[in-house]
Amino acid sequence: MSNFSAQHLLIHKRLVEQMIDLAKITPRDTVLDIGAGTGAITLPLAAKAANVLAVENDPEYVRKLTNKLKDQTNIRLKQIDFLQLQLPKDPFCVVANIPYSITTPIFAKLLGRPAAVMLQRAVLLIEKGAAKRFTAAPVTDPRILGWRMWYDIRLVRTVSPNHFSPPPRVDSAVVTVSRKIQPAVPPHHHERFFAMAAYGLRDPRLPFDESMAGVFTPPQLARLAKTLKIDRQQSVCLLNERQWGELFLAMLQHVQPHRWPRRSMRKQPKNGRF
């Protein structure tokens, strides 16, 4: 986890313009700016979007940004930890230089419940190491695999420290996120899929046969290997998103529910309307 925080303010206006362009913001969109700081992204967003929700937890930045928003009618400023925020009920977008110290929890809140959270598109400035993990192939982290079943995640460009004040000690990256129009697995199955992914990737190096032996019978695994066009001895992490989707749907159709993996109960972020 990087110690990069929201105190490193984005000062490169051209990069802000590029991020907003990448997000394809329209006059109908509601857009969140997470870690709004002093408004480097918030104010330009307001010129493009119908509504902007600026989320900032630092009281000093909230005070400074409040003074800048006196004439803005389509910006709502909320002083709160983003992880405690109730997300919009209706479709929304995000353009933000997020707090790097909570990058993974932010992604989990935005991408972890695709049936409940109406995120459509996001352009996020994050630490480059995290960007590489979220977009790497093969996928060895079941949570990242789950995100990528319903969202396309792309590393667009590296951003050097001199784009910030004060400059951080690490490179950053612009990452785009877009909801898939036709995902391989329907969003309402996200909990079951996450459970299967966690089971299958408990050791990403395991052969496909061994990793899924507790779910499928040997004859089923043989048929699946042919359907997926894979070597049964290849590491399970080499499956792509399409193959994971086919594997999951085959489980629903051909495996008795008592053999389905169960996801361990964890506290999930609260989501709702604002």
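In this text, all values refer to a predicted model and were calculated from it rather than measured experimentally.

**A closer look at the side chain of T104**
At step 1: Tracing the sequence through the fold places T104 in helix α4 (residues 103–111).
At step 2: Judged by relative accessible area, which is 19%, T104 ranks as buried.
At step 3: For T104, the residues in contact, after removing those within four places along its chain, are F134, R143 and W147.

**Describing the packing of helix α6 (residues 142–150) against helix α7 (residues 190–200)**
At step 1: Running from amino to carboxyl end, α6 crosses α7 at an angle of 140°, the nearest separation of the two axes being 9 Å. Of the possible angle classes, the one that applies to α6 and α7 is oblique. Remark: the crossing between α6 and α7 carries right-handed chirality. On α7, the residues touching P142, R143, L145, G146, W147, M149 and W150 of α6 are H190, F193, F194, A197 and A198.
At step 2: For the contact of α6 with α7, the class distribution of residues is nine nonpolar, two polar and one charged.

**Side note on the environment of K128**
At step 1: Turning to its location among the elements, K128 is positioned in helix α5 (residues 128–135).
At step 2: Beyond its immediate sequence surroundings of up to four residues, K128 is in contact with T158, D171, S172 and A173.

**Focus: the packing of aromatic side chains**
At step 1: With the rule as written, the count across this model stands at six aromatic pairs.
At step 2: Look at W150 and F193: their rings are 5.8 Å apart centre to centre, the planes differ by 85°, and that puts the pair in the edge-to-face class. Of this pair, W150 sits in helix α6 while F193 sits in helix α7; the two residues are 43 residues apart in sequence, bridging distant segments of the chain.
At step 3: Ring geometry for W150 against F194: centres 6.1 Å apart, planes inclined by 40°, an arrangement best described as tilted. Residue W150 is located in helix α6, and its partner F194 is located in helix α7; the two are separated by 44 residues in the primary sequence.
At step 4: Under the relative-accessibility criterion, F194 is labelled buried at 3%.
At step 5: The rings of W150, F193, F194 and F248 are connected pair by pair, giving a single aromatic cluster.
At step 6: One residue, K109, lies across the ring of F82, its end atom 5.8 Å from the ring centre.

**Notes on the sheet that holds strand β2 (residues 30–34)**
At step 1: Overall, mixed pairing links the seven strands, which are arranged β4-β3-β2-β5-β6-β9-β7 in an open sheet. Strands with a single pairing partner mark the edges of an open sheet, and in this sheet they are β4 (75–79) and β7 (151–159). Recorded for the sheet is a direction-independent mean angle of 15° between the axes of neighbouring strands.
At step 2: For β2 and strand β5 (residues 92–97), the ladder comprises two bridges, and the chain directions are parallel. The residue bridging L32 from the neighbouring strand is V94, located in β5.
At step 3: Each of β5, β6 (119–127), β7 and β9 (172–179) is contacted by helix α1 (residues 13–23), which is oriented at about 150° to β6, the strand it contacts most.
At step 4: Across the face of the sheet, α5 comes into contact with β6, β7 and β9 while running at roughly 135° to β6.

**Description of the pairing of β4**
At step 1: The pairing of strand β3 (residues 51–56) with β4 spans five bridges and is parallel. Paired with E56 across the bridge in β4 is Q79.
At step 2: Handedness of the β-α-β unit built from β3, helix α3 (residues 59–68) and β4 comes out right-handed.

**Details of the pairing of β5**
At step 1: Summarising burial for β5: six of the six residues are buried, a large majority.
At step 2: Where burial is concerned, the two faces of β5 agree: the one with F92, V94 and A96 and the one with C93, V95 and N97 are both buried.
At step 3: Pairing of β5 with β6 involves six bridges; the strand directions are parallel. Across the sheet, F92 pairs through a bridge with L119, a residue of β6.
At step 4: For the crossover that starts at β5, traverses α4 and ends in the parallel β6, the hand is right-handed.

**Examining helix α9 (residues 218–228)**
At step 1: Within the sequence span of α9, burial applies to Q220, L221, L224, A225 and L228. Down the axis, α9 shows its buried residues gathered within 140° of arc, on one side only. Every exposed residue of α9 that faces more than 90 degrees away from the buried side is listed here: R223 and K226.
At step 2: For α9, the secondary structure elements touched by its buried residues are α8 (208–211) and α10 (241–254).

**Observations regarding unusual backbone geometry**
At step 1: In this structure, P138 follows A137 across a cis peptide bond, with omega equal to 0°.
At step 2: Take P138: it is sitting in the loop between α5 and α6.
At step 3: The phi dihedral of K24 falls on the positive side, at around 55°, and the residue is not glycine.
At step 4: Examined against the element boundaries, K24 turns out to sit in the loop between α1 and β2.
At step 5: Judged by its relative accessible area of 60%, K24 falls in the exposed class.

Scoring rules and cut-offs
- Residues numbered from 1 in each chain as written.
- Predicted model: local features only at pLDDT ≥ 70, side-chain atom pairs only at ≥ 80, totals over all residues.
- Heavy atoms only, no water.
- Helix = DSSP H or I, 4+ residues; strand = E, 2+ residues; numbered from the N terminus.
- Buried < 20%, exposed > 50% of the residue type's maximum accessible area, 1.4 Å probe, protein only.
- Contact = heavy atoms within 4.5 Å.
- Axes fitted to C-alpha atoms, helices over the stretch in contact; angles between N-to-C directions.
- Parallel < 35°, antiparallel > 145°, perpendicular 65-115°, else oblique.
- Left-handed = near helix turned anticlockwise from the far one by under 90°.
- Nonpolar A, V, L, I, M, F, W, Y, C, P; charged D, E, K, R; others polar.
- Phe/Tyr/Trp six-rings, centres within 6.5 Å; stacked < 30°, edge-to-face > 60°.
- Lys NZ or Arg CZ within 6 Å of the ring centre and 35° of its normal.
- Pairing = 2+ DSSP bridges.
- Right-handed = clockwise from strand over helix to strand, strands pointing away.
- Arc of directions from axis to C-beta.

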